[in-house]
Amino acid sequence: MPTPQSLSLLEGEDVLWVKPGPTRDLKAALHNAVITSSLFRRGRISAVVSTGSSLAVSVLPQARLHGTPSYYIESATRTHGPSLSGRLLAKIPGVELYTQNASWASKKWKYAGSVFDGWEPQQLPERPKVSKVVVSLGTSRTYGFRRLVESIAPLLQDLGAEVLWQTGTTDTTGLPVLDPRPAVPAQELSAAMREADLVIAHAGTGVALEALNAGKLPVLIPRRAEFAEHVDDHQEQIAAMLKHRGLAVVREADQVNLADLELAAGSVVDLREDARPLAL
């Protein structure tokens, strides 16, 4: 759907906007299947590539019915096996399936590499003063993440840092948060991360990549299903994977402290020159 972030990313492109597809919302998935069916009737689509979510289930089966090449790349968050979307699409003949985790690759699920390959952390000679911070909670319209804000807002207040708060649907009432913004245009968010001393975020794939692209080692805090912050605990999987790679400082929402923030601010991340894209 059109948001400041999606509008800025897709400026100048031919776009068909669909209804938001909350996790496991069958009604939204069927609605989006109807909306997108006209694209295939017109014969304008040469291939379909998806990295997950309910929209993949709405579109890829239709693509195969019309003989359109279809590629499903499972999210890097899925370190132990495919998501529900992936399991459903595995039943559709002709959909090419790819995993970003070699541990569960198979004849059906080919290993394509990972979007996190090639990144390397480096420690700075001196830890900078943390004066500019970006906090990003994603743009989910279903799940808030108040626990994260409750934990880090007092720490950032004590630091006296200038903070860009991208809060999604999270309620920040009563917390020391200045100018919370549900969504921030992609270019603005990227520029803010590059200029920041520190990036703090929920453990989502997109925001983690954005932080790495900005050269930052992020503090990542996974959402938890037990607190109604997500449908499951898959963010713990991506957080653990990035911690193993040395590409994030990972903490639970109630465990973050000043030392964690200083540790992340004292490192940068670079992409090796020989890093290769996913291979389909």
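Residues numbered from 1 in each chain as written. Predicted model: local features only at pLDDT ≥ 70, side-chain atom pairs only at ≥ 80, totals over all residues. Heavy atoms only, no water.

**Student:** Before we move on, could you go through helix α7 (residues 205-213) and cite the residues and values that matter?
**Tutor:** Along α7, the residues classified as buried are Thr205, Val207, Ala208, Leu209, Ala211 and Leu212. Once α7 finishes, Gly215 follows within two positions and takes phi at roughly 85°, a positive value. (Buried < 20%, exposed > 50% of the residue type's maximum accessible area, 1.4 Å probe, protein only. Helix = DSSP H or I, 4+ residues; strand = E, 2+ residues; numbered from the N terminus.)

**Student:** Tell me what's going on with a nonpolar patch on the surface, and back it up with residues and numbers.
**Tutor:** On the surface, Leu7, Leu9, Leu10 and Trp17 cluster together into a nonpolar patch covering about 380 Å² of accessible area. With respect to the element layout, Trp17 can be found in the loop between α1 (4-9) and α2 (26-41). For Trp17, a relative accessible area of 33% puts it in the partly exposed group. (Patch = residues over 30% accessible without salt bridge, like charges linked within 9 Å, V, L, I, M, F, W, Y side chains within 5 Å. Areas by Shrake-Rupley, 256 points an atom, 1.4 Å probe, with all protein chains shown as cover. Salt bridge = Lys/Arg side-chain N within 4 Å of Asp/Glu carboxyl O.)

**Student:** If you had to explain the packing of aromatic side chains to someone new, which residues and values would you point to?
**Tutor:** Under the counting rule described, the total for this entry stands at two aromatic pairs. Considering the side-chain rings of Tyr72 and Trp109, the 6.2 Å spacing of their centres and the 75° angle between planes classify their relative orientation as edge-to-face. Remark: Trp109 occurs in strand β4 (residues 109-111) and Tyr72 occurs in strand β2 (residues 70-73); sequence separation between them is 37 residues. For Trp109, a relative accessible area of 6% puts it in the buried group. (Phe/Tyr/Trp six-rings, centres within 6.5 Å; stacked < 30°, edge-to-face > 60°.)

**Student:** Explain the sheet that holds strand β7 (residues 162-166) residue by residue, including any values.
**Tutor:** Pairing is parallel in the open sheet, where five strands are placed in the order β7-β6-β8-β9-β10. The open sheet terminates on both sides in strands that have one partner only, identified here as β7 and β10 (249-250). Docked against the sheet, helix α5 (residues 146-159) engages β6 (132-136), β7, β8 (198-202) and β9 (219-221), running at close to 165° with respect to β7. (Pairing = 2+ DSSP bridges. Contact = heavy atoms within 4.5 Å. Axes fitted to C-alpha atoms, helices over the stretch in contact; angles between N-to-C directions.)

**Student:** A description of the pairing of β2 should follow, citing residues and the corresponding values.
**Tutor:** Each regular strand carries side chains that alternate between the two faces of the sheet. Note that strand β1 (residues 48-50) and β2 share three bridges and pair parallel. Paired with Val49 across the strands is Tyr71, a residue of β2. Taken together, β1, helix α3 (residues 54-65) and β2 form a β-α-β motif whose crossover is right-handed. Inspection of the sheet shows β2 paired to strand β3 (residues 95-99) by four bridges, in the parallel sense. Along β3, the bridge assignment pairs Tyr71 with Glu96. Considered for its hand, the β-α-β crossover made up of β2, helix α4 (residues 84-89) and β3 is right-handed. (Right-handed = clockwise from strand over helix to strand, strands pointing away.)

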